[in-house]
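Each chain, written out:
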Amino acid sequence: MTWVAAVARLRARREPGVLVTVATVRGHAPRDAGAKLVVGRGETWGSIGGGNVEAVAIDRAREMIAASEPKPELIDFALNDKVTNQHGVQCCGGTVSVLLEPLRVVRAVAIFGVGHVGLELARILARQDLDLHLIDSRSDVLAEDRLGVLADAVAQVHVHHTPLLPEEVLEELPRGTHVLIMTHDHAEDAALCDAALRTSHLGSIGLIGSAAKWARFRKRLATEGGHEDAAIDRIKTPIGLSGITGKEPATIAVSVAADLLRTFESEGDD
């Protein structure tokens, strides 16, 4: 398996890893600069030459995975018999620098409702390295020609057409997914809020709408849904930055995206 395929596999599994690259070589070494190794929690793919260099790199990579260390690290090796090595002698005669780059589990965002605001928001978030889930009960808003504006997305975009019960998608979302509820139907929004509060593995939950809408929803979540106040408080509404008051879809989308990115910053690295 190529290192590119290995990185893709880790991402698809939502598992962290480390990309190990021979950065520089002076003199003789088992592999040339550019050789790569991908390290996961329990597997490796590729090779940077075996021996002590590779073994130390794997050990350090797994320490970084366990500690969720976000920053790259450079390790230098001297390949001669005068150096005391942890995993045996390598006496090729050269020196090697190895770069370890953490591959974090990317964040996930789910937009329920891909109408005017939802699509503008998707266009912005698609420029981020994340898993972006777009869910709607209407097939026309998810048509390929309409979503064509996301063709060059950096994000991995996942489209879910759910004509009956969009809330069923909540259970399928990755752990920690940030949920934004902005469908065309207040009844659908209410059902999603109730279901989101019953789905324990989600990240933040945001709801678009007015104070009057939220007052009705909050009462219904407490009386009909049986949710405690502390649970209901998980839902943030209104979403977006309070200082931005424009009502154009693109303006709202910028505000919501900025607020979400601020939430990412407050969480730090996963």
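As shown above, the structure is provided for reference.
Residue numbering note: each chain is counted from 1, following its sequence as written. Per-residue local features are limited, in this predicted model, to residues with pLDDT of at least 70; the limit for side-chain atom pairs, both in listing and counting, is 80 or more; totals at the level of whole chains, interfaces and linings are taken over all residues. By convention in this description, side-chain values take in all heavy atoms of the structure and omit both hydrogens and water.

For the rest of this paragraph, the subject is the pattern of salt bridges. A pair is scored as a salt bridge if a Lys or Arg side-chain nitrogen falls within 4 Å of a carboxyl oxygen belonging to Asp or Glu. With the rule as written, the count across this model stands at 16 salt bridges. Two residues, Glu-15 and Arg-13, come together in a salt bridge whose shortest N-O distance is 3.9 Å. In this structure, Arg-123 engages Glu-120 in a salt bridge whose closest nitrogen and oxygen atoms are separated by 3.9 Å. Placement of both Arg-123 and Glu-120 in helix 3 (residues 116–125) is noted, with a separation of three residues, approximately one turn of the helix. Overall, Arg-123 belongs to the partly exposed group, its relative accessible area being 41%. Runs of E in the DSSP output that reach at least two residues are strands. Runs of H or I that reach at least four are helices, and both are numbered from the N terminus. Categorising residues by exposure relies on relative accessible area from a 1.4 Å probe, with only protein chains included: less than 20% of the type maximum marks a residue as buried, more than 50% marks it as exposed, and the intermediate range marks it as partly exposed.

With that settled, consider the packing of helix 4 (residues 186–197) against helix 5 (residues 211–223). Across the interface, helix 4 lies against helix 5 with an axial gap of 11 Å and an inter-helix angle of 45 degrees. Accordingly, the angle class assigned to the pair helix 4 and helix 5 is oblique. Handedness of the helix 4/helix 5 crossing: right-handed. Within the contact between the two elements, helix 4 uses His-186, Asp-189, Ala-190, Cys-193, Asp-194 and Leu-197 and helix 5 uses Lys-213, Arg-216, Phe-217, Arg-220 and Leu-221. The classification used treats Ala, Val, Leu, Ile, Met, Phe, Trp, Tyr, Cys and Pro as nonpolar, Asp, Glu, Lys and Arg as charged, and all other residues, Gly among them, as polar. For the contact of helix 4 with helix 5, the residue count by class is five nonpolar, one polar and five charged. Interaxial angle, 0 to 180 degrees, is taken between N-to-C directions of lines fitted to C-alpha atoms, where a helix line uses only the stretch in contact. Roughly parallel means an angle under 35 degrees; roughly antiparallel, over 145; roughly perpendicular, 65 to 115; everything else is oblique. The handedness criterion is simple: a crossing whose near helix is rotated anticlockwise from the far helix by less than a right angle is left-handed, and one whose near helix is rotated clockwise is right-handed. Two residues form a contact once any of their heavy atoms are found within 4.5 Å.

Attention shifts here to helix 3. Regarding helix 3, the residues found buried are Val-117, Gly-118, Leu-119, Leu-121, Ala-122 and Leu-125. Next to the buried residues of helix 3 lie strand 6 (108–112), strand 7 (131–136), strand 9 (178–181) and helix 7 (249–267).

For the rest of this paragraph, the subject is the sheet that holds strand 7. The rule for pairing is simple: two strands pair if DSSP sees at least two bridges between them. The strand order across the open sheet formed by six strands is 8-7-6-9-10-11, and the pairing between neighbours is parallel. Taken across any chain shown, the strands that pair with only one partner, and hence form the sheet edges, are strand 8 (156–161) and strand 11 (235–236). Strands in contact with helix 4 are strand 6, strand 9, strand 10 (205–207) and strand 11; relative to strand 10, the strand with the most contacts, it is inclined by about 165 degrees. Sitting on the sheet, helix 7 touches strand 6, strand 9 and strand 11, and the angle it makes with strand 9 is about 160 degrees.

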